[in-house]
Amino acid sequence: MTERLFDLYWLCVASFSESFCGDKLEEGSYNEFRERGHKFENKIVRYKISQYSNVISSSDVDDIIAKAFGAWAQFVDLKFIKVNPMDEAELDIRFVTYSHGCSSAFDGPGKILAHATKYYVHFDDTETWSREVGGRVTNLYAVAVHEIGHSLGLGHSDDHNAIMYARYSQKNPTTRLG
């Protein structure tokens, strides 16, 4: 399983510009964004989308998030199941803005796009989320694959060509694996 996970890690392609994942980059920080190397106790990981975007339709969000989990499911020994927003889940996905109840507030459009822990993925809903690539939109699939990687325990890569690189490019985001 680990070998296949790292195969995905190296196969994914990402470019860089000025937008960032909100995962804290400081070494030695012990806040909630630095908990790496964790494992899920079960082989089934339930996720829910408890707060949808005001920018992109809920049906697009459902489809894109399912595809992002599906990308990782090819390489890890886990099964991802979407549950209802009121059900218990290992991962809670939310589209939120600015200060939203966790230890790191979003900054508005640009810069910090999203952040994740083993318990949640938060997307900044002031971004121009889209299933499209290029222009002045942010591709939700590319960012979701990256953030789910954090929830699975991966940190950032120094490799500019890895999906887990900390920066995102609107011009050429990762939209496929391999």
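Residues numbered from 1 in each chain as written. Predicted model: local features only at pLDDT ≥ 70, side-chain atom pairs only at ≥ 80, totals over all residues. Heavy atoms only, no water.

Visitor: Before we move on, can you summarise the packing of aromatic side chains with the specific residues and values?
Guide: Under the defined criterion, the tally for this structure stands at five aromatic pairs. On the basis of an interplanar angle of 20 degrees and a centroid distance of 4.1 Å, the ring pair of Tyr-47 and Phe-69 is categorised as stacked. With Tyr-47 in strand S2 (residues 44-51) and Phe-69 in helix H2 (residues 58-73), this pair connects stretches of sequence that are 22 residues apart. The same class applies to Tyr-47 as to Phe-69, namely buried. Ring geometry for Phe-95 against Phe-123: centres 4.9 Å apart, planes inclined by 20 degrees, an arrangement best described as stacked. A residue pair is termed long-range when its members are at least 10 positions apart, and Phe-95 in strand S4 (residues 91-96) and Phe-123 in strand S6 (residues 120-124) qualify at 28 residues. Per residue, the accessibility class of Phe-95 equals that of Phe-123, and both read buried. Put simply, the rings of Tyr-47, Phe-69 and Phe-80 pair up and form one aromatic cluster. (Phe/Tyr/Trp six-rings, centres within 6.5 Å; stacked < 30°, edge-to-face > 60°. Helix = DSSP H or I, 4+ residues; strand = E, 2+ residues; numbered from the N terminus. Buried < 20%, exposed > 50% of the residue type's maximum accessible area, 1.4 Å probe, protein only.)

Visitor: Describe the sheet that holds S2, naming the residues involved and giving the relevant values.
Guide: Two pairing modes exist for strands in a sheet, parallel and antiparallel, and in both the strands are linked by backbone hydrogen bonds. With mixed pairing, the five strands of this open sheet are ordered in space as S3-S2-S4-S6-S5. Either end of the sheet is taken by a strand with one partner, and the two such strands are strand S3 (79-82) and strand S5 (114-116). For this sheet, the mean inter-axis angle between neighbouring strands, taken without regard to orientation, is 20 degrees. Relative to S6, S5 runs antiparallel, the two being bridged by three bridges. Bridge pairing in S6 links Ala-116 to Val-121. Those strands touched by H2 are S2, S3, S4 and S6, and its axis lies near 155 degrees from that of S2. (Pairing = 2+ DSSP bridges. Axes fitted to C-alpha atoms, helices over the stretch in contact; angles between N-to-C directions. Contact = heavy atoms within 4.5 Å.)

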